[in-house]
Each structure stands twice: as structure tokens, then as C-alpha cells.
Amino acid sequence: MNSKQSGRRRFLKSAALAGLAVGAERSASAQGVTDTSAPGAQPGTHAHGQPARLAAPAGRAVTRTITHTTYYTPLADSVGIITPASLHFMQSHSRLPDIDPATYSFVIHGLVERPLAFTMDDLKRLPSVSKIRFLECLGNTGPRRHVSEEVGVKKEASWLVAEGSDGSKYTYCIPLTKAMDDCMVAYLQNGEPLRQEQGFPARLFVPGFGANHSVKWLRRLMITDEPYMTWDQSVHHAASRVDLGNNSRWFNFVWPPKSVITRPSAGLKLNAPGYYEITGLAWSGWGKVRKVDVSVDGGKSWKEAKLQDPILPKAHTRFNFDWTWNGEETVIMSRCTDDQDEVQPTLAELNRYWGRSEKDRLEPISNTHYWNAIQPWKIAKDGSITDVLFA
Ligand SMILES: Nc1nc2c(c(=O)[nH]1)N[C@H]1C(S)=C(S)[C@@H](COP(=O)(O)O)O[C@H]1N2
Ligand SMILES: [Mo]
């Protein structure tokens, strides 16, 4: 098979089906039903399982602007590497479409031999893959705030433009080589149908790129021979560069290495000096995490943390670090190095890279650039923990 053929195969395979995770289908009538009327039903049992009455997880913090709604995953209770769908970060630039999967379809058109529409039945009929991958928004860190050989991609095609069904027709474009490499049309997440917030009934999923590329409520994929200057890509996520005469850099693709200590973290309190496990997550859009260093003295010295299996490419990796707190004020932080040997920067290094001064260091950069600065947590003498950057 020549490379063009195999590339097309791969693209078709991913565009055709691919869920984030594929599981058994449940009948619609079995969902969300409290099973108390069934003979012999026990209180607390449900056809669609619910958290225990006294163990409901902490909710997500929310910020709203005139256009954006954002829900933040609570860090301190995060365990392992899979985020429950109910606590998954969510960002939307307009109202959430409420789409009936029975009538849903998306189209692939543009530089193809045969434009085609795909229904949910078409998607489920086609082969699927299941992968563990991260999805991260540019605004994640901050102050709370065989589709079949039928379409036939043409030789001159080089870009993929993806459009959502929301009011603003959220649109983003990616190079076709990326689409052929590992992109998916996802309709399941953690073994269940996508939640409405995550793009039900189907979204594009672009592993390793900023989450802004993963267009939700997918309506169409247009194949082109040039990038599209979409409104969302240029206005929301363009990075103005001092070194480019304040011109914008519209295309930022791969998410750089990043990590965060999830526990202990801001908002928690250490009750007394003694042993505490430091644990957190590290990830990189380039590939696998090679190592995570932890500092418990404000960055003066670093020691390597233990990485937990599995260590997957473009996925959260869990790290652990033994620590005995002596009761003194200190700052703890983690630093990720990925398998390309790219190292997570400090905020000062990140500012220098983007040509930013200390003065305008926080707000603008987190909105328009890939934010992967080292996250320090300050521990006071009384054990209370605060966010050094956004306190
Ligand atoms: N159709 C549509 N797709 C979208 C968006 C949107 O507003 N509309 N927001 C994008 C942005 S900026 C992010 S960070 C991710 C968020 O995905 P999540 O809500 O599943 O975490 O979706 C992306 N895809
Ligand atoms: Mo985002």
C-alpha cells in the first residue's frame, strides 16, 4: 500500500467511527430510571447507577461571561487518570444544542469524490477504537474563571474544517495529516454516550492538540486545500506576539508538557505536621511523560516522583511522591518532562517565551496561549493551602 492510500485509510477509519471508548448500548428506557417500583427493589438501587447518597462528589466551579460558560474539574478529589464524565471540564461558546440522535447526521464535503452524510447508525455500524487521551482547554488554568472509502479524499486536499451545530457555528480547522493520524469522531466517553455538554451525540476529537480543536455537536467536516481563517480560531484563540510586532499567531496545535499536584492543593488544609502523599497528573500533547520532578521547597531543589502505570501517549499520567511536612511554611510544585525532552516552564520562562512582561502576565496569557506553567501551591504554618499564581 502506498503512503497516500494508507493515509486515506487511516483518515477514513477515524472519521468513520471511533468512540473515546466503546461500550454496550443501553436501551433508552433503562436510563435515568429509579428502580423503586420493581418487585423486591432495594432503596438506593437505580437502573442507571447513581453516586451513594452521602458520597456525592464535589461539584464543578463555574464561570460565565456573555459568551462563555466554563465548568472546572475539582482537583483535590481526582484519583487515577480517568475523569468521571460528571466532573469533566466543560467549555462552550454559546448555548448547548439539544440534538436528537435519531435525526442527527454530519456531512463530509469539499475536496472529496463523493460528499456524504453520516447518521448515528452509520457511525455505530463502522469499526471503532477506544483510547485514553487527555483534552485540555486553553482556559483550564486560571483565576476560576470505513466512514468508508465512499467519500474519497482528493489528492490536493490538505486541511480539514470542522463545524459545530451551536448557534455560533463554532468552527476550527486542522491539517489533514493530523486528521489522518489519530483524530476521531467520538460518540462515547468512559463507556457511556457523550454528555450533552461534551458534544452529544458526536464530536470531533483531536488527541494532543488544544481542546479548542475538538469541535462538539459536529455538523460538518469540509476538506480543503488551504487553512480556513475561522472566527473562533482567529478571535478567541490567536496569540498576539510582541516579537511579531503584536501580530497574532493563529495556529497553535500541540499541547506542551504540563503537570499539576492535585493533592494537597489549594483549598485543602493539612491538619498537623507529618506524612502526606503528594500526588498529581502530568501530560503532554507530544507523546508520553518521561518524568515528573517535585519540589517541596519552593523550587530550590527537585526530586523525581514515581510514575504510575499506565503511561500512555497524549494521556494523563498519575505521579506520587512521599513527603513529610515539618510544619513550616513552604511551596510545593511539580514539573513535567516529556519523551521529546521538552520541560514544563516556570511562569517567568513562559512569559519570556511569549514576550510578556510581569505586569500583564496572567490574564491575557491564559486566554490566548497554551498555558503550561508550573503550578505552585503555598502551604502556610497553619496548614492552609493557597494558589501562588491566582490567589
Ligand atoms: N461546537 C463547539 N465545539 C467546541 C466549543 C464550542 O463552544 N462549540 N468549545 C471548544 C473549546 S474552547 C473547548 S476547551 C472544548 C471543551 O470541550 P469539553 O467541554 O468537552 O471539555 O470544546 C471545543 N469545542
Ligand atoms: Mo477552550
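K.L.:
What exactly am I supposed to notice about the overall build of the chain here?
P.N.:
A count of helical and extended segments in the chain gives 6 helices and 23 strands. Expressed as a percentage of its 391 residues, the buried residues of the chain come to 48%.

K.L.:
Any chance you could explain the side chain of Lys258 here in plain terms?
P.N.:
Here Lys258 is to be found in strand 15 (residues 258-263). There is a polar contact of 2.9 Å between the side chain of Lys258 and the backbone oxygen of Trp371. With residues near it in sequence (within four places) discarded, Lys258 still touches Glu136, Asn140, Thr141, Leu281, Ala282, Trp283, Cys336, Gln344, Trp371 and Asn372.

K.L.:
Any chance you could explain the site of ligand 1 here in plain terms?
P.N.:
Phe89, His93, Asp166, Arg203 and Lys216 are the nearest of the 21 residues found near ligand 1. Here Arg203 contributes a side-chain N or O atom positioned 2.8 Å from an oxygen atom of ligand 1. Relative to its free-state accessible area of 540 Å², ligand 1 is covered by the protein chains to the extent of 99%. A per-element tally of the shell around ligand 1 places strand 3 (residues 90-92) first, with 3 residues.

K.L.:
What exactly am I supposed to notice about the sheet that holds strand 22 (residues 377-379) here?
P.N.:
Two modes of strand pairing occur in sheets, parallel and antiparallel, and in both the strands are linked by backbone hydrogen bonds. Taking strand neighbours across the sheet as the criterion, the 5 strands line up as 18-17-21-22-23 in an open arrangement whose pairing is antiparallel. Both outer strands of the open sheet, strand 18 (303-304) and strand 23 (385-387), are each paired with one neighbouring strand and no more. When strand 21 (residues 330-338) meets strand 22, the two strands line up antiparallel, connected through 3 bridges. Paired with Ile332 across the strands is Trp377, a residue of strand 22.

K.L.:
When you look at a negative patch on the surface in this model, what are you seeing that I'm missing?
P.N.:
There is a patch of like negative charges on the surface, built from Glu113, Glu156, Asp225 and Glu226. Locating Glu113 in the fold gives a position in the loop between strand 4 (105-110) and strand 5 (116-119). When its relative accessible area of 49% is taken as the criterion, Glu113 is described as partly exposed.

K.L.:
Looking at this structure, how should I read the side chain of His213?
P.N.:
Along the polypeptide, His213 turns up in the loop between strand 11 (203-205) and strand 12 (218-224). Excluding residues within four positions of it along the chain, His213 makes contact with Tyr172, Cys173, Ile174, Leu204, Val206, Gln233, Asn252, Phe253 and Tyr370.

K.L.:
Honestly, the packing of aromatic side chains in this entry has me stumped. Any pointers?
P.N.:
As enumerated under the stated definition, the model contains 11 aromatic pairs in all. Note on Tyr276 and Trp323: the rings are 6.4 Å apart at their centroids and 45° apart in plane angle, and the pair reads as tilted. Of this pair, Tyr276 sits in strand 16 (residues 274-283) while Trp323 is found in strand 20 (residues 317-325), placing the two residues 47 residues apart along the sequence. Cluster of aromatic residues (ring-pair linked, three or more members): Trp159, Phe209, Phe251 and Phe253. Taking the ring centre of Tyr71 as reference, the NZ or CZ of Arg60 above it sits at 4.5 Å.

Thresholds, definitions, all that
Residues numbered from 1 in each chain as written. Chains lettered and ligands numbered in written order. Predicted model: local features only at pLDDT ≥ 70, side-chain atom pairs only at ≥ 80, totals over all residues. Heavy atoms only, no water. Helix = DSSP H or I, 4+ residues; strand = E, 2+ residues; numbered from the N terminus. Buried < 20%, exposed > 50% of the residue type's maximum accessible area, 1.4 Å probe, protein only. Polar contact = N/O pair within 3.5 Å; in protein donor to acceptor, adjacent residues only side chain to side chain. Contact = heavy atoms within 4.5 Å. Near = heavy atom within 4 Å. Areas by Shrake-Rupley, 256 points an atom, 1.4 Å probe, with all protein chains shown as cover. Pairing = 2+ DSSP bridges. Patch = residues over 30% accessible without salt bridge, like charges linked within 9 Å, V, L, I, M, F, W, Y side chains within 5 Å. Salt bridge = Lys/Arg side-chain N within 4 Å of Asp/Glu carboxyl O. Lys, Arg positive; Asp, Glu negative; His and termini not counted. Charge placed at Lys NZ, Arg CZ, Asp CG, Glu CD. Phe/Tyr/Trp six-rings, centres within 6.5 Å; stacked < 30°, edge-to-face > 60°. Lys NZ or Arg CZ within 6 Å of the ring centre and 35° of its normal.

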